[in-house]
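Residues per chain, in single letters:
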Amino acid sequence: MRRPKPRRPRLPRTRRGQRLLVRAVMFGCVLGLLPATWMHLVTDDRLRTTADVPRTDVAVVFGAGLWAGEPSPYLAHRLDAAAELYRAGRIKVVLVTGDNSREDYDEPDAMRTYLTRHGVPGSRIVSDYAGFDTWDSCVRAKKIFGVDEAVLISQGFHIRRAVALCQEAGVTSYGVGVDAKHDATWYYGGTREIFAAGKAALDAVFEPDPRFLGPREAGVANALAAGR
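Residues numbered from 1 in each chain as written. Predicted model: local features only at pLDDT ≥ 70, side-chain atom pairs only at ≥ 80, totals over all residues. Heavy atoms only, no water.

## Points about the overall build of the protein
The secondary structure content of the protein amounts to 7 helices and 8 strands. Taken across its 228 residues, the protein has 42% of its residues classed as buried. Approximately 13400 Å² of the protein is accessible, and the part contributed by carbon and sulfur atoms is 56%. (Helix = DSSP H or I, 4+ residues; strand = E, 2+ residues; numbered from the N terminus. Buried < 20%, exposed > 50% of the residue type's maximum accessible area, 1.4 Å probe, protein only. Areas by Shrake-Rupley, 256 points an atom, 1.4 Å probe, with all protein chains shown as cover.)

Structure follows, in structure tokens:
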């Protein structure tokens, strides 16, 4: 027995119907672009470079995947920027935040190891093992690690969302967007941000709790005290 073929959606045949369809599409496009517009408006005066970012106690580096247990090239570029800021005396402590939801995948420890190999003392690195997404990382930086102000480090296509969300979470933030090769991963990341902006706007409005919150930790305060 043959299955009936799915019917294709029919476009309206009348001019009035066509006008309504065009208006609906235009409204959908505007609605879809609103979150991205919001992110640009709230972050325009918050983006810097490694050369001119304000001196701040803490830098936050967001995870970006591991390759065979080592930081991916994108993550390595973020960590290189953090090490550069530390060596230049613009930051004192690096908070590495990433995914450690299973035993065989540990972004924060891989990030710590990379930073120590590039001149950042282990005593100046604090690990957040439950930074499962950008909103979680921002909220945990504030509520768990007591960070009130920070330099955020990520790729250019992600840094506006990171700054916007950390600002909403109560962390006064400056963003450093590191350079990246315009390969397939870069284009994927840029496209993904269009959709991620919608979730970011919802996070900013409803302020959900992170997937894991836990007790307050003194890692950042202890690292700062050790350096005095």
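There is more to say after this.
## Focus on the nonpolar core
In terms of nonpolar packing, the biggest core is built from 27 residues, with V61, L79, V94, L115, V151 and I153 touching the most fellow members. Counting residues per element, the ones that place at least two in this core are β2 (58-62), α2 (73-87), β5 (93-97), α3 (107-117), β7 (149-155) and β8 (172-178). Among the elements that line this core, the one with the most residues is α2, at 8 residues. The residues touching L79, leaving out its near neighbours within four places in the chain, are V61, P71, V96, M111, Y114 and L115. Counting residues in hydrophobic clusters, the runner-up holds 26 residues, among them V126, C138, L152 and V220. (Core = buried A, V, L, I, M, F, W, Y, C linked by side-chain atoms within 4.5 Å. Contact = heavy atoms within 4.5 Å.)

## Some details on the pattern of salt bridges
Working definition: two side chains of opposite charge can pair if their charged atoms are close together. All chains considered together, the criterion is met by 8 salt bridges. Between R102 and D104 there is a salt bridge, with its nearest N and O atoms 2.8 Å apart. D104 gets classed as exposed once you look at its relative accessible area, which sits at 63%. In this structure, R140 and D128 form a salt bridge, with 2.8 Å as the shortest nitrogen-oxygen distance. With R140 in helix α4 (residues 134-143) and D128 in strand β6 (residues 125-128), this pair connects stretches of sequence that are 12 residues apart. The two residues R140 and D128 agree in class, both being buried. In the salt-bridge network here, residues are joined through shared partners; they are D133, K199 and D203. (Salt bridge = Lys/Arg side-chain N within 4 Å of Asp/Glu carboxyl O.)

## A word on the state of the cysteines
Going through the model one piece at a time under the given rule, you end up with 1 disulfide. Here C138 is linked by a disulfide to C166, with a sulfur-sulfur distance of 2.1 Å. Here C138 and C166 share a disulfide; its torsion about the S-S bond, -85°, makes the bridge left-handed. With C138 in helix α4 and C166 in helix α5 (residues 156-168), this pair connects stretches of sequence that are 28 residues apart. Each member of the pair, C138 as well as C166, carries the same accessibility label: buried. (Disulfide = S-S within 2.5 Å.)

## As for the packing of aromatic side chains
Applying the stated rule across the entire model yields 1 aromatic pair. Ring centres of Y74 and F157 lie 6.2 Å apart, and the angle between their planes is 45°; on these two criteria the pair is classed as tilted. Within this pair, whereas Y74 is found in helix α2, its partner F157 is found in helix α5, the two being separated by 83 residues in sequence. The exposure class assigned to Y74 is buried, which follows from its relative accessible area of 9%. A cation over an aromatic ring shows up here: R46 above the ring of Y174, its NZ or CZ 4.8 Å from the ring centre. Its end group placed over the ring of F132, R211 keeps NZ or CZ at 4.2 Å from the ring centre. (Phe/Tyr/Trp six-rings, centres within 6.5 Å; stacked < 30°, edge-to-face > 60°. Lys NZ or Arg CZ within 6 Å of the ring centre and 35° of its normal.)

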